[in-house]
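# Report on the structure
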Amino acid sequence: MLQVYLVRHGETQWNAERRIQGQSDSPLTAKGEQQAWQVAERARSLGITHIIASDLGRTQQTARIIAEACGCDIILDPRLRELDMGVLEKRHVDTLTEQEEGWRRTLVNGTEDGRIPQGESMQELSVRVQAALADCLKLPQGSRPLLVSHGIALGCLVSTILGLPAYAERRLRLRNCSISRIDYQESPWLASGWVVEMAGDISHLDAPALDELQR
Ligand SMILES: O=C(O)[C@H](O)COP(=O)(O)O
């Protein structure tokens, strides 16, 4: 049975400032780096064989720390990037106009094809992250990959495996450097395919980041 671990990158400057990142980027904070070392220590104990990361800076920075602990190379995969948040990227959430907040809400409460102007729909995000996950099935027998990606991207992956719409990702709390695990099982009497073993575990962190609403 293939086990795939999912890690959200460490806290960044813009996470801490409540600014929208999407496919724009900001570096890890000191706390984010500390979280990355703690998740790396946990990853080392899990026997990770491959680290596959979104090619954005914050995920690469987190992946490098995990790779150092696990002694693996990093494979970059742009399909693991965060949702493209279009014209709202780099904006502080508290400065959005009513109309802009309405665009953001179409993602939070939304419909599958709702999008921020010049951004991506949850449906489009879902297709590319599912494709990246499916490629893990091509790794050699005995592999145990760890994917380093983003809050909405990973939430969308877990939600759709559960058979929920992609926008249900907002019902999952995937904090910075949380670990989730999904398994691929083939079974005549249980569901065949991807199964969620755990989601959003932060028991390895002594300095968890607050989620956006608690800041
Ligand atoms: O700000 C964003 O784009 C998202 O809400 C969170 O993205 P992140 O997981 O890359 O911080």
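By the naming in an unreviewed UniProt entry, the protein chain goes by Probable phosphoglycerate mutase GpmB and is assigned to Lelliottia wanjuensis. You can read under Catalytic activity (unreviewed entry) in the UniProt record for the protein chain the words "(2R)-2-phosphoglycerate = (2R)-3-phosphoglycerate".

This part takes up the overall build of the protein chain. The secondary structure content of the protein chain amounts to six helices and six strands. Traced from its N-terminal end to its C-terminal end, the protein chain shows the element sequence β-α-α-β-α-β-α-α-β-α-β-β. Here the C-alpha radius of gyration of the protein chain, 16 Å, is about what a compact globule of 215 residues would show, namely 17 Å. By principal-axis analysis of the C-alpha atoms, the protein chain measures approximately 50 × 40 × 25 Å. Out of the 215 residues belonging to the protein chain, those deemed buried represent 53%.

On to the UniProt feature "site: Transition state stabilizer" (unreviewed entry) in the protein chain. Look at the UniProt record and you will see "site: Transition state stabilizer" (unreviewed entry) annotated at His150. Structurally, histidine 150 is set in the loop between β4 (145-149) and α6 (151-161). Judged by its relative accessible area of 0%, histidine 150 is buried. Once residues within four sequence positions are removed from consideration, histidine 150 is found in contact with Arg8, His9, Ser54, Leu56, Arg58, Thr59, Leu80, Arg81, Glu82 and Gly155. A polar atom in the side chain of histidine 150 sits 2.8 Å from the side chain of serine 54.

Bringing the site of the ligand into the picture now. Surveying the vicinity of the ligand reveals the residues Arg8, His9, Asn15, Ile20, Gln21, Gly22, Arg58, Glu82, His150, Gly151 and Ile152. Note that an oxygen atom of the ligand is positioned 2.9 Å from one of the side-chain N or O atoms of glutamine 21. Here an oxygen atom of the ligand sits 2.8 Å away from a polar atom, N or O, in the side chain of histidine 150. With the chains in place, 93% of the 310 Å² that the ligand exposes on its own is no longer accessible. Of the residues belonging to the shell around the ligand, the class tally is two nonpolar, six polar and three charged.

A few words now on the pattern of salt bridges. All told, the structure shown has 17 salt bridges when counted by the stated rule. Of the charged contacts in the structure, one is a salt bridge between glutamate 169 and arginine 170, with a shortest N-O distance of 2.9 Å. Residue class for arginine 170 comes out partly exposed when judged on its relative accessible area of 40%. Here the residues in one salt-bridge network are Asp77, Arg79, Asp135 and Lys138, joined through shared partners.

This brings us to the side chain of arginine 128. Relative to the assigned elements, arginine 128 resides in helix α5 (residues 122-134). Those residues in contact with arginine 128 that sit more than four places away from it in its chain are Gln23, Pro78, Arg79, Leu80, Arg81, Glu82, Leu83, Asp84 and Glu120.

Here lysine 90, not a glycine, exhibits a phi torsion of approximately 80°, which is positive. Positive phi is not limited to glycine here, since glutamine 118 has a value of about 65°. On the basis of relative accessible area, glutamine 118 is assigned to the exposed category, the value being 68%.

Our next topic: the packing of aromatic side chains. Taken as a whole and assessed by the stated rule, the structure comprises one aromatic pair. Consider the rings of tyrosine 184 and tryptophan 194, whose centres lie 5.0 Å apart with planes at 75°: the pair is edge-to-face. Taken together, the residues tyrosine 184 in strand β5 (residues 179-185) and tryptophan 194 in strand β6 (residues 193-201) connect sequence positions 10 residues apart. Classification of tyrosine 184 as partly exposed rests on a relative accessible area of 25%.

With respect to topology, six strands assemble into an open sheet ordered β3-β2-β4-β1-β5-β6, the strand pairing being mixed. The open sheet has two edge strands with one neighbour each: β3 (74-76) and β6. Pairs of neighbouring strands in the sheet enclose a mean axial angle of 20°, with direction left out of account. Across the face of the sheet, α6 comes into contact with β1 (2-8), β4, β5 and β6 while running at roughly 145° to β1.

About the criteria used
- Residues numbered from 1 in each chain as written.
- Predicted model: local features only at pLDDT ≥ 70, side-chain atom pairs only at ≥ 80, totals over all residues.
- Heavy atoms only, no water.
- UniProt positions renumbered as here; feature names shortened; annotations may be inferred.
- Helix = DSSP H or I, 4+ residues; strand = E, 2+ residues; numbered from the N terminus.
- Rg over C-alpha atoms; globule rule 2.2 N^0.38 Å.
- Buried < 20%, exposed > 50% of the residue type's maximum accessible area, 1.4 Å probe, protein only.
- Contact = heavy atoms within 4.5 Å.
- Polar contact = N/O pair within 3.5 Å; in protein donor to acceptor, adjacent residues only side chain to side chain.
- Near = heavy atom within 4 Å.
- Areas by Shrake-Rupley, 256 points an atom, 1.4 Å probe, with all protein chains shown as cover.
- Nonpolar A, V, L, I, M, F, W, Y, C, P; charged D, E, K, R; others polar.
- Salt bridge = Lys/Arg side-chain N within 4 Å of Asp/Glu carboxyl O.
- Phe/Tyr/Trp six-rings, centres within 6.5 Å; stacked < 30°, edge-to-face > 60°.
- Pairing = 2+ DSSP bridges.
- Axes fitted to C-alpha atoms, helices over the stretch in contact; angles between N-to-C directions.

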